[in-house]
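For reference, the chains in residue letters:
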Amino acid sequence: MLWEESIQKGNKYATCKDQMLFRQDRGAKRRCAQKIAEDILEILECDMASVSVAIEDVDREDWKAEVWDKDMAADKDLFYKKPGYTYD
């Protein structure tokens, strides 16, 4: 089904991007993505075809610049679950 047709039918969409400092194998990433998707389905009441989950590995030396500064500090008001650490 095309996105426009799906929207007209009232389908809900959700995308989640997870950034990880620690490297995980592809199997662990798939399991994590599946669990996140299942929670989104249950809570937001949408179907699996409407959910996507991305997992990005980030190196320790890049974490502050690539994740904290660009995503977390810049969009801090968008976080419903905030981290227990800060760079301030």
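Computed from a predicted model, the values in this text were never measured in an experiment.

## Considerations on the pairing of strand E2 (residues 51-57)
The side chains of a regular strand alternate between the sheet's two faces.
So, point 1. Across seven bridges, the pairing between strand E1 (residues 14-20) and E2 is parallel. When the sheet's bridge partners are listed, Ala14 is paired in E2 with Val51.
So, point 2. Note that the unit made of E1, helix H2 (residues 26-44) and E2 has a crossover that is right-handed.

## So, the nonpolar core
So, point 1. In this structure, Ala14, Ala37, Ile40, Leu41, Cys46 and Val51 together form the largest nonpolar core, which totals six residues.
So, point 2. In terms of residue count, H2 provides more of this core than any other element does, three residues in total.
So, point 3. Leave out the neighbours within four places in its chain, and Ala14 touches Ile40, Leu44, Ser50, Val51 and Ser52.

## Quick notes on the side chain of Ser50
So, point 1. By secondary structure assignment, the location of Ser50 is in the loop between H2 and E2.
So, point 2. Judged by relative accessible area, which is 5%, Ser50 ranks as buried.
So, point 3. For Ser50, the contacting residues outside a window of four places in its chain are Asn11, Lys12, Tyr13 and Ala14.

## Quick notes on H2
So, point 1. Its 19 residues give H2 an end-to-end C-alpha distance of 26 Å, which sits within 8% of 27 Å, the value for a rise of 1.5 Å per residue.
So, point 2. Where H2 is buried, its residues meet E1 and E2.
So, point 3. Following H2 by one or two positions, Glu45 adopts a phi angle in the positive range, close to 55°.

Definitions and cut-offs
- Residues numbered from 1 in each chain as written.
- Predicted model: local features only at pLDDT ≥ 70, side-chain atom pairs only at ≥ 80, totals over all residues.
- Heavy atoms only, no water.
- Pairing = 2+ DSSP bridges.
- Helix = DSSP H or I, 4+ residues; strand = E, 2+ residues; numbered from the N terminus.
- Right-handed = clockwise from strand over helix to strand, strands pointing away.
- Core = buried A, V, L, I, M, F, W, Y, C linked by side-chain atoms within 4.5 Å.
- Buried < 20%, exposed > 50% of the residue type's maximum accessible area, 1.4 Å probe, protein only.
- Contact = heavy atoms within 4.5 Å.
- Expected span 1.5 Å × (residues − 1).

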